[in-house]
Each structure stands twice: as C-alpha cells, then as structure tokens.
Amino acid sequence: MPQISNKGILMPESPIRKLVPFAESAKKRGIKVYQLNIGQPDIETPKLALDAVKNNEIKVLAYSRSEGSEEYRTKLSSYYDSKNIIVSSKDIIVTSGASEALLFTFGSIMDKDDEIIVPEPFYANYNGFSITAAVKVRPIPTSINDGFALPDKENFTQAINSNTRAILICNPGNPTGYMYSKEELEILKSIVLKHDLFLIADEVYREFSYDGIKHHSVLNLDGLEQNAIVIDSTSKRYSMCGIRVGCIVSKNKDLISTVLKFAQSRLS
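Residues numbered from 1 in each chain as written. Predicted model: local features only at pLDDT ≥ 70, side-chain atom pairs only at ≥ 80, totals over all residues. Heavy atoms only, no water.

## Quick notes on the sheet that holds strand β5 (residues 198–202)
Across the sheet, which stays open at both edges, the seven strands sit in the order β1-β7-β6-β5-β4-β2-β3 with mixed pairing between neighbours. In this open sheet, the two strands that pair with only one neighbour each are β1 (92–95) and β3 (136–141). Strand-to-strand twist in this sheet, taken as the mean axis angle between neighbours without regard to direction, amounts to 25°. In this sheet, β3 lies alongside strand β2 (residues 115–120) in parallel orientation, the contact comprising six bridges. Across the sheet, the residue bridging to isoleucine 116 is valine 137, located in β3. (Pairing = 2+ DSSP bridges. Helix = DSSP H or I, 4+ residues; strand = E, 2+ residues; numbered from the N terminus. Axes fitted to C-alpha atoms, helices over the stretch in contact; angles between N-to-C directions.)

## A look at the nonpolar core
Tyr80, Phe156, Ile167, Ile169, Leu188, Val218 and Val249 are the most contacted members of the largest nonpolar core, which totals 35 residues. Ranked by residue count, the leading element in this core is helix α9 (residues 182–195), at four residues. Aside from chain neighbours lying at most four places away, what touches phenylalanine 156 is Ile117, Pro119, Ile140, Leu150, Pro151, Ile167, Leu188 and Ile191. With 32 residues, the next largest nonpolar core counts Phe104, Phe129, Val137 and Ile231 among its residues. (Core = buried A, V, L, I, M, F, W, Y, C linked by side-chain atoms within 4.5 Å. Buried < 20%, exposed > 50% of the residue type's maximum accessible area, 1.4 Å probe, protein only. Contact = heavy atoms within 4.5 Å.)

## Focus: helix α10 (residues 253–266)
With 14 residues, α10 should reach 20 Å at 1.5 Å per residue; the first-to-last C-alpha distance of 20 Å fits that figure. N-capping of α10 is provided by asparagine 252, with a side-chain oxygen placed 3.0 Å from the backbone N of aspartate 254. (Expected span 1.5 Å × (residues − 1). Polar contact = N/O pair within 3.5 Å; in protein donor to acceptor, adjacent residues only side chain to side chain.)

## Re the environment of leucine 260
Take leucine 260: it is sitting in helix α10. Through-space distance from the C-alpha of leucine 260 to that of aspartate 81 is 23 Å; in sequence the pair is 179 residues apart.

## Examining the state of the cysteines
If you walk through the whole model with that rule in mind, you get zero disulfides. Between cysteine 170, a free cysteine, and cysteine 241, which holds the nearest cysteine sulfur, the sulfur-to-sulfur gap is 13 Å. The buried category is assigned to cysteine 170, whose relative accessible area is 9%. The thiol of cysteine 247 is unpaired, and the distance to the nearest cysteine sulfur, on cysteine 170, comes to 14 Å. Take cysteine 247: its relative accessible area is 3%, and that puts it in the buried class. (Disulfide = S-S within 2.5 Å.)

## Some words on the packing of helix α6 (residues 97–109) against helix α7 (residues 125–132)
Axis separation between α6 and α7 bottoms out at 10 Å; the angle between their running directions is 40°. When the axes of α6 and α7 are compared, the pair comes out oblique. Considering how the two elements wind past one another, α6 and α7 form a crossing that is right-handed. Within the contact between the two elements, α6 uses Ser99, Leu102, Leu103 and Phe106 and α7 uses Tyr126, Phe129, Ser130 and Thr132. Looking at the contact of α6 with α7, its residues break down into five nonpolar, three polar and no charged. (Parallel < 35°, antiparallel > 145°, perpendicular 65-115°, else oblique. Left-handed = near helix turned anticlockwise from the far one by under 90°. Nonpolar A, V, L, I, M, F, W, Y, C, P; charged D, E, K, R; others polar.)

## Description of empty space enclosed by the protein
Following the criterion strictly, the structure yields one cavity of 30 Å³ or more and no others. Quantified by volume, the largest cavity comes out at close to 120 Å³. Forming the walls of the largest cavity are 15 residues, and the residues nearest its centre are Pro119, Pro121, Cys170, Thr176 and Tyr180. Elements with a minimum of two residues in the lining of the largest cavity: β2 and β4 (164–170). Of the residues assigned to the lining of the largest cavity, the class counts are 10 nonpolar, four polar and one charged. (1 Å grid on protein atoms, 1.4 Å probe; cavity = no way out; pocket = protein on both sides within 12 Å on 5 of 7 lines; lining within 4 Å. Points joined across faces, edges and corners; volume = space filled by probe spheres on them.)

## A closer look at the pattern of salt bridges
Under the definition given, this model contains 13 salt bridges. With a shortest N-O distance of 2.8 Å, arginine 65 and glutamate 67 are connected by a salt bridge. Of the charged contacts in the structure, one is a salt bridge between aspartate 232 and arginine 237, with a shortest N-O distance of 3.1 Å. Both residues of the pair, aspartate 232 and arginine 237, count as buried. (Salt bridge = Lys/Arg side-chain N within 4 Å of Asp/Glu carboxyl O.)

## Observations concerning unusual backbone geometry
For residues besides glycine, phi is generally negative; the peptide bonds are generally trans as well. Look at the link from asparagine 171 to proline 172: it is a cis peptide, with omega at 0°. Tracing the sequence through the fold places proline 172 in the loop between β4 and α9. With an omega of 20°, the peptide bond running from asparagine 174 to proline 175 counts as cis. For proline 175, the location among the structural elements is in the loop between β4 and α9. A positive phi angle, near 70°, is found at phenylalanine 148, a position not held by glycine. When you line up the elements, phenylalanine 148 lands in the loop between β3 and α8 (153–159). Positioned with a positive phi, aspartate 196 is a non-glycine residue whose angle comes to about 55°. Assessed through its relative accessible area of 67%, aspartate 196 is described here as exposed.

Spelled out as structure tokens, the structure:
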C-alpha cells in the first residue's frame, strides 16, 4: 500500500477549523454561539466591494501578472501611504491570502531544518506552514501577567543559533490581541540586525487598534529596510475573508524577486 509522507503525517489539524462543525451543530439546535476560534470580523463587507463583484463587464477571467496587477499594487501602496508606510508597487507581491504570503516567505528565506523564532501563544497555523516548508518553529513563551508583552531580549538571543533565519511576530497579536510598542519593535530591530536575521510581521489586524494605542509597522523602522517583511491581507480590515487576497511587502529587492519566482510557479 502506498505510504503517506512523514510531512503529511506530521501536519497538524487546524484547531481553529476543528471547532467549526461543533459550532454549526449548536447553531442548528438554536444555541447562540460566540465564535472565538476563527478570525472573522463581525462587520459587514463593504457594499462597494460586493457591488463591484456583482456588476462588472468582465468577459474573460484571464491571468494577471504573477506579482498582481500594477493597478492593484499601486492602490495598495496608496493605502500604506495613508498609514505613513512608504512603499512602492514594486515592493509588493499579491498572494492568495496571507497564508500563501507566509508560505512564499518561508520558502524564500529558509531551507530545510532552518529555524524561525515566534513569541507564543501564536496563530496555530504557523506550525502547519513550518512543516510545509520543512523548517522548525522555535517558540518563546509570553505571559498573561504582563499582557503577553515582548519577552526579554535575552530570551531571543538564547534561542538564536546557526540555523535561525528570522523572527516572526503577529502585530496586533493573534490570539492575544497584544500590540507591540515602538520601543519593543526597536528591541527586535537590534536583535535581527546584530544576528543578520529577517523580521517578519504579520500585520493583518493593523486596523484593530483601540484605546488610542497606535500601531507601528516594522516597515517604518529606520535601518531595517533589508530585514523587514510584512504579511498582510484584505480579510480582516474589510471583512472579506472569503476573497483570499493577501500580499507580501518588503523593500528587500532580493526577497521580492525570490517571492516572485514562487508566484510565477503558482500561475504556470
């Protein structure tokens, strides 16, 4: 009998999706369900977006450019400009959701058995992405006692070894909701520059900032242009999770050109 791969055996089930059938079953029984397992915003998708899908004159759904259409990437750069994140369309690769963006990023910066450091608790699917890319997640625990703030610098330096290629943060954090301060990002900046690592920031929840707390992007850290990578998506800020459109943003031209090769392979 043909055998399943070790990678396939190791691939974890999504604990997020595992709860969906239970929630659906409860709803059918008339039970009110508060779904905290899946990142689906409780706001309506903008009518403008839905109307654009319904009312169009497209005759053929043809391939676009592998990096995403120039028009869309230019509009994305305008969005970032409105958030004081200055990038050009050439710094952006459009992907099938943030998940593909992470997979392409992992594939572009890490080889088999390389490692990535991630503050824990973290988005459960990071584990699946790491197995797909044949790399290892090295978690650093955070504590509820300080609101899941960034661990001490020493915790990161102790975890770094010759296989370490990057630090990955989710900002604001999923599932903690923690927002990293500018000072904390500066600490991460000093670490990645000293050890010549990438700093990947999953910023899909950028718009979800409250109580006057300001979101700071890693793309705004001076001197980190070659190390910073942002993972983003339309899913959260526009409540359009089902459209599956994300992107990778970086000023590192070698990184972008490498990601583009992954995108071209997807479209062949």
